[in-house]
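Reading the structure
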Amino acid sequence: MRPRALLFDWDNTLVDTWGVIHYALKVTFEAMGMEPWTLEQARQRVRQSARDAFPKLFGARAEEATEIFYGSYEKSHLAKLAEAPGAGAMLRRLADAEDLYLGVVSNKRGDLLRREAEHLGWAAFFGGIVGATDAPRDKPAPDAVDMALAGSGIRPGKEVWFVGDTDIDMVCAVNSGCLPVLVRAQGPAEGEFPGATPRVHVPDCAALADRVLSL
């Protein structure tokens, strides 16, 4: 059925910031005396927020690593920010449909997330933009979903599509009772999303807009 709301992941769903993320991770790993991840390893491993991931990676030096990571990231993230193919056009089409509520739920730190949305001219499309540390718990906990929908009159449920490109997005959808929607070129592999199988798969942003607006 036609959704009432769509909540989007940010990185690698609506924007491409992998180059900046990888560079900031490289600087951080080197400062910690550790072997940096390759870009492909970063793409495969980066899922959780720094608040959740860094204590596991860096132990007692997690707070120091967080400061180094975000210090490196902030230096160039706006200059190198690029929208995912068709993302801006998709958001404009969906925003023109007055019966749809749009929001963002990301594990990028909230202030940086909103800064990027403003930079792209997209902030007005969203009723809620929620990033890491904005809610008591970060994605895949349902807290950020509740916050992103606050004030909309819409509660988490199957009429809310949670749109993303990774397993943590699908798990967040299930944890919050929303419909998991996968946006990426390749479809879900057998057994790839245990307990959180995408209910909808589309290859790109344009296809998602077509799917939603045809319902």
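The text that follows walks through the structure, step by step, so that each part is easy to find. (Residues numbered from 1 in each chain as written. Predicted model: local features only at pLDDT ≥ 70, side-chain atom pairs only at ≥ 80, totals over all residues. Heavy atoms only, no water.)

1. Description of the sheet that holds strand 7 (residues 179-183)
Taken in spatial order, the six strands line up as 5-4-1-6-7-8 in an open sheet, and their pairing is parallel. Edge strands, defined here as strands with exactly one partner in the open sheet, are strand 5 (128-132) and strand 8 (200-202). The sheet shows a mean angle of 20° between the axes of neighbouring strands, direction not considered. Relative to strand 6 (residues 160-164), strand 1 (residues 5-8) is paired through four bridges, and the arrangement is parallel. Looking at the pairing, leucine 7 lines up with phenylalanine 162 of strand 6. (Pairing = 2+ DSSP bridges. Helix = DSSP H or I, 4+ residues; strand = E, 2+ residues; numbered from the N terminus. Axes fitted to C-alpha atoms, helices over the stretch in contact; angles between N-to-C directions.)

2. Quick word on the nonpolar core
Most often, soluble globular proteins have nonpolar side chains that are buried together. Residues Leu6, Phe8, Leu14, Phe126 and Leu208 are the most contacted members of the largest nonpolar core, which totals 32 residues. Core analysis: the next-biggest nonpolar cluster, separate from the first, contains 19 residues, Ala24, Met32, Ala53 and Ala65 among them. (Core = buried A, V, L, I, M, F, W, Y, C linked by side-chain atoms within 4.5 Å. Buried < 20%, exposed > 50% of the residue type's maximum accessible area, 1.4 Å probe, protein only.)

3. A few points about the pairing of strand 1
Alternating positions in strand 1 separate into two faces, Ala5 and Leu7 on one and Leu6 and Phe8 on the other, with burial throughout. Pairing geometry for strand 1 and strand 4 (residues 101-109), over four bridges, is parallel. Pairing of phenylalanine 8 across the sheet is with valine 104, part of strand 4.

4. Quick notes on the pairing of strand 5
Of all five residues that make up strand 5, five are buried, and the element is covered over most of its length. As judged from the four bridges shared by strand 4 and strand 5, these two strands associate in the parallel manner. Across the sheet, glycine 103 pairs through a bridge with glycine 128, a residue of strand 5. Once the chain exits strand 4 it traverses helix 6 (residues 110-120) before rejoining the sheet at strand 5, and the crossover so formed is right-handed. (Right-handed = clockwise from strand over helix to strand, strands pointing away.)

5. Quick notes on the pattern of salt bridges
Applying the stated criterion across every chain, the model contains 17 salt bridges. We note a salt bridge from lysine 108 to aspartate 11, for which the minimum N-O separation is 2.9 Å. Note that lysine 108 is positioned in strand 4 and aspartate 11 in the loop between strand 1 and strand 2 (15-16), a separation of 97 residues in sequence. Look at lysine 108 and you get buried, because its relative accessible area is 7%. The exposure class assigned to aspartate 11 is buried, which follows from its relative accessible area of 14%. The partner of aspartate 169 in a salt bridge is lysine 139, with the nearest N and O atoms 2.7 Å apart. Of this pair, aspartate 169 sits in helix 8 (residues 167-176) while lysine 139 sits in the loop between strand 5 and helix 7 (143-149); the two residues are 30 residues apart in sequence, bridging distant segments of the chain. A single burial state applies to aspartate 169 and to lysine 139, both of which are buried. Members of the salt-bridge network, linked through shared partners, are Glu74, Arg109, Asp111 and Arg115. (Salt bridge = Lys/Arg side-chain N within 4 Å of Asp/Glu carboxyl O.)

6. Points about helix 9 (residues 205-213)
Taken as a whole, helix 9 has its buried residues at Cys205, Leu208, Ala209 and Val212. Within helix 9, the buried residues cover an arc of 100° as seen down the axis, which keeps them to one side. Close packing links the buried residues of helix 9 with strand 1, helix 5 (87-96), strand 6, strand 7 and strand 8. Two or three places before alanine 206, at the start of helix 9, stands the capping residue aspartate 204, its side-chain oxygen 3.4 Å from that residue's backbone nitrogen. (Arc of directions from axis to C-beta. Contact = heavy atoms within 4.5 Å. Polar contact = N/O pair within 3.5 Å; in protein donor to acceptor, adjacent residues only side chain to side chain.)

7. A closer look at the packing of helix 1 (residues 18-31) against helix 4 (residues 62-76)
How two helices sit against one another is set out by the angle between their axes and by the gap between those axes. Put simply, helix 1 and helix 4 touch, their axes get as near as 8 Å, and they point 145° apart. The interaxial crossing formed by helix 1 with helix 4 has right-handed handedness. Contact residues: helix 1 offers Val20, Ile21, Tyr23, Ala24, Leu25, Val27, Thr28 and Ala31, while helix 4 offers Ala65, Ile68, Phe69, Ser72, Tyr73 and Ser76. Taken together, the residues that form the contact of helix 1 with helix 4 break down as 11 nonpolar, three polar and no charged. (Left-handed = near helix turned anticlockwise from the far one by under 90°. Nonpolar A, V, L, I, M, F, W, Y, C, P; charged D, E, K, R; others polar.)

8. Some details on the environment of alanine 141
Position of alanine 141 relative to the elements: it lies in the loop between strand 5 and helix 7. On the accessibility criterion, alanine 141 (11% relative accessible area) is buried. A sequence separation of 35 residues divides alanine 141 from serine 176, and the C-alpha atoms of the two residues are 7.5 Å apart.

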